[in-house]
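Below are the chains, spelled out letter by letter.
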Amino acid sequence: MTTKPLEKHFETQFVNYLIENEGYLLIDSNKYDKKLGLIPELAIRFVKESQPKEWEKMIQQYGSEVEDKYLIRLKELLDGSGTAKALKKKVETKGCKIDLVYFKPQTTKNPEHVEAYSKNILSISRQFKYSTETKINITNNEKEEIKNSLDIVIALNGIPIITIELKNIQNSQNYKDAIEQYKYNRNPKELIFKRALVNFAMDNDYIFMATELKGKDTFFLPFNKDIQNPINTNGNKTDYLFKEILTRDSILDLIDNFILEVEKINESTGTKTKEVVFPRYHQLDSVRK
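Residues numbered from 1 in each chain as written. Predicted model: local features only at pLDDT ≥ 70, side-chain atom pairs only at ≥ 80, totals over all residues. Heavy atoms only, no water.

Q: How should I be thinking about the overall build of the chain in this particular structure?
A: The number of helices and strands found in the chain is eleven helices and eleven strands. The globule rule puts the C-alpha radius of gyration for 289 residues at 19 Å, and the 20 Å found for the chain is close to it. With the C-alpha coordinates of the chain rotated into their principal frame, the extents come out at 55 × 55 × 50 Å. Put simply, the chain has 289 residues, and 47% of those count as buried. (Helix = DSSP H or I, 4+ residues; strand = E, 2+ residues; numbered from the N terminus. Rg over C-alpha atoms; globule rule 2.2 N^0.38 Å. Buried < 20%, exposed > 50% of the residue type's maximum accessible area, 1.4 Å probe, protein only.)

What follows is the structure, given as structure tokens:
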């Protein structure tokens, strides 16, 4: 889908803020491995930079196949545990134990912990082509392949954790159109949605979120400061998403202390399902205050 100019401007503002102020890396979506559901380059880079001794052990075991072996183990962990739980576990292989993320230490007294925290890699991608599926658009008897893409995807150490559909109300579209996209134009079976901890549908005025896509049955909750977001004299009403929630410290705090996976049991059928819980804005704001 072609990005309209005003929407593109809003998207640019969003992305540039995180790059310039929070040290995010801008990564092209062609670096995303659709079969692994990972950005291999960043997943490997994180381990090499943060845990060189463990990486050296893996090299001794696997030689030239080390990167492929690690990525396969990482995929297995994510597929088996889900992203929320996997991020707090380790990739283990023949005596090697590799952390997937480092959370902020309580104090700065241990320089090693502080240094490890600084090694986390947050990345952001625009018009993220996540699927091998393509749609054919026929205009004036000419066929055009349209690849499924998301407006914004955020990854932590090569693992996609957040997807965003962003609309600009000046283009006569709003968050409801973004929700419709998620419900009817996004295949929940795609790995990108298995990896993501939360999916945001937003415009200049409102933000809604869903932790799991279920097609037309997907349930979105508001992620607004109030019933209506207050007027922002310095920008859009929803700027707080990238200025407050998606900062480096905030994201890692969310994963460490707020986002969790719970098991639910259907009382009538006894069926067990797992669900990721992501705090709403007022819950998060209250606890942090």
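Q: Looking at this structure, I do not really get the nonpolar core. What am I missing?
A: Soluble, globular proteins show a tendency: their nonpolar side chains are buried together. Counting 85 residues, the largest nonpolar core has F14, Y70, I154, I164 and L246 as the members making the most contacts within it. Apart from the residues lying within four places of it in its own chain, the contact partners of Y70 are A43, I44, V47, W55, M58, V91, I98 and L100. (Core = buried A, V, L, I, M, F, W, Y, C linked by side-chain atoms within 4.5 Å. Contact = heavy atoms within 4.5 Å.)

Q: Help me understand unusual backbone geometry in this model?
A: Glycine aside, residues mostly have negative phi, and peptide bonds are mostly found in the trans state. Its identity is not glycine, yet K94 carries a phi of approximately 45 degrees, on the positive side. Positive phi, close to 60 degrees, is recorded for S172, a residue that is not glycine. Summarising the element assignment, S172 is placed in the loop between β6 (159-166) and α7 (175-184).

Q: Teacher, can you tell me more about the side chain of D203 here?
A: Tracing the chain through its elements places D203 in the loop between β7 (198-202) and β8 (207-210). No salt bridge forms around the buried D203; measuring N to O, its nearest opposite-charge neighbour K237 is 8.7 Å away. From its side chain, D203 meets the backbone nitrogen of Y175 in a polar contact 2.9 Å long. Of note is the side chain of D203, whose polar atom sits 2.7 Å from the backbone nitrogen of D205. Residues in contact with D203, not counting those within four places in the same chain, are F10, K167, I169, N174, Y175 and T238. (Lys, Arg positive; Asp, Glu negative; His and termini not counted. Salt bridge = Lys/Arg side-chain N within 4 Å of Asp/Glu carboxyl O. Polar contact = N/O pair within 3.5 Å; in protein donor to acceptor, adjacent residues only side chain to side chain.)

Q: Mind showing me how you'd approach the pattern of salt bridges here?
A: Note that side chains of opposite charge can pair when their charged atoms are close. All chains considered together, the criterion is met by 17 salt bridges. We note a salt bridge from E67 to K48, for which the minimum N-O separation is 3.4 Å. Highlighted residues: E67 in helix α4 (residues 66-81) and K48 in helix α2 (residues 40-50), separated in sequence by 19 residues. Under the relative-accessibility criterion, E67 is labelled partly exposed at 34%. We note a salt bridge from R288 to D253, for which the minimum N-O separation is 3.0 Å. Residue R288 is located in helix α11 (residues 281-288), and its partner D253 is located in helix α10 (residues 248-258); the two are separated by 35 residues in the primary sequence.

Q: I tried to follow the environment of D68 on my own but got confused; where do I start?
A: On the secondary structure map, D68 appears in helix α4. Residues D68 and R45, 23 residues apart in the sequence, show an inter-C-alpha distance of 13 Å.

Q: Would you mind going over helix α3 (residues 52-62) with me for this structure?
A: Along an α-helix, residues three or four apart share an orientation, since each turn contains 3.6 residues. Restricting attention to buried positions, one finds in α3 the residues E54, W55, M58 and Y62. Relative to the axis of α3, the buried residues are bounded by an arc of 100 degrees and lie together on one face. Away from its buried face, by an angle of more than 90 degrees, α3 presents the exposed residues K53 and Q60. Those residues of α3 that are buried lie in contact with α2, α4, β2 (90-93) and β3 (96-99). G63, located one to two residues past α3, shows a positive phi value of around 60 degrees. (Arc of directions from axis to C-beta.)

Q: Can you walk me through α7 in this structure?
A: For α7, the set of buried residues is Y175, A178, I179, Q181 and Y182. Mapping the buried residues of α7 onto a view down its axis gives an arc of 155 degrees, with all of them on the same face. In α7, the exposed residues that point more than 90 degrees away from the buried face are K176 and Y184. Of the residues that open α7, the one with a side-chain oxygen 2.9 Å from the backbone nitrogen of K176 is N174.

Q: Which parts of the structure should I look at to understand the packing of aromatic side chains?
A: Within a pair of aromatic rings, the relevant descriptors are the distance that separates the centres and the angle that separates the planes. Summed over the entire model, instances satisfying the criterion amount to 14 aromatic pairs. Three or more aromatic residues joined by ring pairs form one cluster here, namely F200, F223, Y240, F278 and Y281. (Phe/Tyr/Trp six-rings, centres within 6.5 Å; stacked < 30°, edge-to-face > 60°.)

Q: Is there a simple way to think about the packing of α3 against α4 in this case?
A: It is the contact of α3 with α4, at a shortest axis distance of 9 Å, that shows an interaxial angle of 110 degrees. By the criterion of interaxial angle, the relationship of α3 to α4 is roughly perpendicular. α3 and α4 meet at a crossing whose hand is right-handed. Across the interface between the two elements, W55, M58, I59 and Y62 of α3 pack against V66, E67, K69, Y70 and R73 of α4. Grouping the amino acids of the contact of α3 with α4 by side-chain chemistry returns six nonpolar, no polar and three charged. (Axes fitted to C-alpha atoms, helices over the stretch in contact; angles between N-to-C directions. Parallel < 35°, antiparallel > 145°, perpendicular 65-115°, else oblique. Left-handed = near helix turned anticlockwise from the far one by under 90°. Nonpolar A, V, L, I, M, F, W, Y, C, P; charged D, E, K, R; others polar.)

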